[in-house]
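Notes for the structure review
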Amino acid sequence: MVYYDSARLDRVFQGLADPPRRAILTRLADGDKLDIEGVSLDVIYTPGHTDDSYSFTMDDRVFTGDTLLIRGTGRTDFQNGDARAQYDSIFNRLLKLRDDTLVIFGITGDLAKVMTFRSLYRLERRGLLHCPIVGVAGDDWTVDQLVERARESIAGTGESLDDAVFDRFAARLSYVQGDFTDSATYQHVAAAITGASPPVFYLEVPPFLFSAVIKGLHDADLTGNARVVVEKPFGHDLDSARG
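What comes next is a walk through the structure. (Residues numbered from 1 in each chain as written. Predicted model: local features only at pLDDT ≥ 70, side-chain atom pairs only at ≥ 80, totals over all residues. Heavy atoms only, no water.)

**Considering the packing of aromatic side chains**
Both the distance between ring centres and the angle between the ring planes are used here to describe each pair of aromatic rings. To be explicit about the condition: Only centres within 6.5 Å qualify two rings of Phe, Tyr or Trp (six-membered ring in Trp) as a pair; their planes then separate them into stacked at under 30 degrees, edge-to-face at over 60, and tilted for everything else. We call a charge positioned above a ring when the Lys NZ or Arg CZ atom is no farther than 6 Å from the ring centre and deviates by at most 35 degrees from the ring normal.
For the structure on display, the rule yields seven aromatic pairs. Aromatic ring contacts, followed pair by pair, group Phe105, Phe180, Tyr186 and Phe201 into a single cluster. Stacked on the ring of Phe78, the Lys or Arg Arg75 has its end atom at 4.6 Å from the ring centre.

Structure, rendered in structure tokens:
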């Protein structure tokens, strides 16, 4: 792939009063790292839209160009495009990029029992789950107990369990025990997600604990590049929800 084409840039800038004095010619390949003005991009070869299509990742962002669009994909009927290559680029490259670490507060609760474990298991079965999962709760459990709770919860919803799929899912699980109002809990969470960028904190806890958990995360310096997802309901009536 040609990152900057000197001849094309000369044509683009022709006639400008003060055109750029130099153009840079760089050929890129899958796995290369591209550094531009202090910004580092990782290069992924994603053919399909054309035979020379590339995507780029930067920290928690992916730039897919015409390979993958919002609610669609790029066309594949010109410039040596190929629909099969496009499918492979999307499903076997882009959708298998490492996801964020998912941290679930309240993982031993009823919502996880009746919905969350089953939903995550289904994602695993479809090959769409790629991240580690850290559960946080007050129960004094081991990881083995959490895995068993997950198995019982999934089976309890009527889902048919495939042992190989479940084993892959179970291998993603880890557990942090702690009081949500104790600052030490968030230090343990920080240790459990070292290197995650950015983590996703999912709060499956009663609404009155939202502020305590978010404060604990903030005080432990865990919210700078993170996303926090709160589970409804908000408040206990219309007025408190609006507040």
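That shown, we press on.
**Here's the deal with the pairing of strand E5 (residues 102–105)**
Rules: Each residue gets one of three labels from its accessible area relative to the maximum for its type: buried under 20%, exposed over 50%, partly exposed in between, using a 1.4 Å probe on protein chains only. Helix and strand definitions here come from DSSP, where helices need a minimum of 4 consecutive H or I residues and strands a minimum of 2 consecutive E residues; each element is numbered from the N-terminal end. For two strands to count as paired, DSSP must find a minimum of two bridges between them. We call a crossover right-handed when, viewed with both strands directed away from the observer, the connection leading from the first strand over the helix to the second proceeds clockwise.
The alternating pattern of E5 places Leu102 and Ile104 and Val103 and Phe105 on opposite faces, both of which are buried. The sheet contact formed by E5 and strand E6 (residues 133–137) spans four bridges and is parallel. For Leu102, the partnering residue across the bridge sits in E6 and is Ile133. For the crossover that starts at E5, traverses helix H3 (residues 110–125) and ends in the parallel E6, the hand is right-handed. Across four bridges, E5 lies against strand E8 (residues 200–203) in parallel orientation. Within E8, the residue paired with Phe105 across the bridge is Leu203.

**Observations regarding the sheet that holds E6**
Condition: Each axis is a line fitted through C-alpha atoms, taken for helices only over the stretch in contact, and angles between the N-to-C directions span 0 to 180 degrees.
Pairing is parallel across the open sheet formed by five strands, whose spatial order is E7-E6-E5-E8-E9. Where the open sheet ends on each side, the last strands, each with one partner, are strand E7 (173–177) and strand E9 (227–230). Strand-to-strand, the axes of this sheet are offset by a mean angle of 20 degrees, without reference to chain direction. Pairing between E6 and E7: five bridges, direction parallel. Note that in E7 the partner of Ile133 across the bridge is Leu173.

**What to know about helix H4 (residues 143–156)**
The following threshold applies: An expected span of 1.5 Å times one less than the residue number is assigned to each helix. In this description, the arc belongs to the directions extending from the helix axis to the C-beta atoms. The contact rule is simple, with two residues in contact once any of their heavy atoms fall within 4.5 Å.
With 14 residues, H4 extends 20 Å from end C-alpha to end C-alpha; this agrees with the ideal 20 Å at 1.5 Å per step. If you check which residues of H4 are buried, you get Leu146, Val147, Arg149, Ala150, Ser153 and Ile154. Buried residues of H4, seen end-on, are gathered within an arc of 160 degrees and therefore sit on one face of the element. The outward face of H4, more than 90 degrees from its buried face, is lined by the exposed residues Asp144 and Gly156. In this structure, the buried residues of H4 make contact with H3, helix H5 (163–170) and E7. Looking one or two places after H4, you find Gly158, whose phi comes out positive at around 95 degrees.

**Some thoughts on unusual backbone geometry**
Even without being glycine, Gln79 reaches a positive phi, approximately 50 degrees. Here Gln79 falls in the exposed class, since its relative accessible area comes to 51%. One non-glycine residue, Asp221, lies in the positive phi region at around 60 degrees. Among the structural elements, Asp221 can be located in the loop between helix H7 (210–219) and E9.

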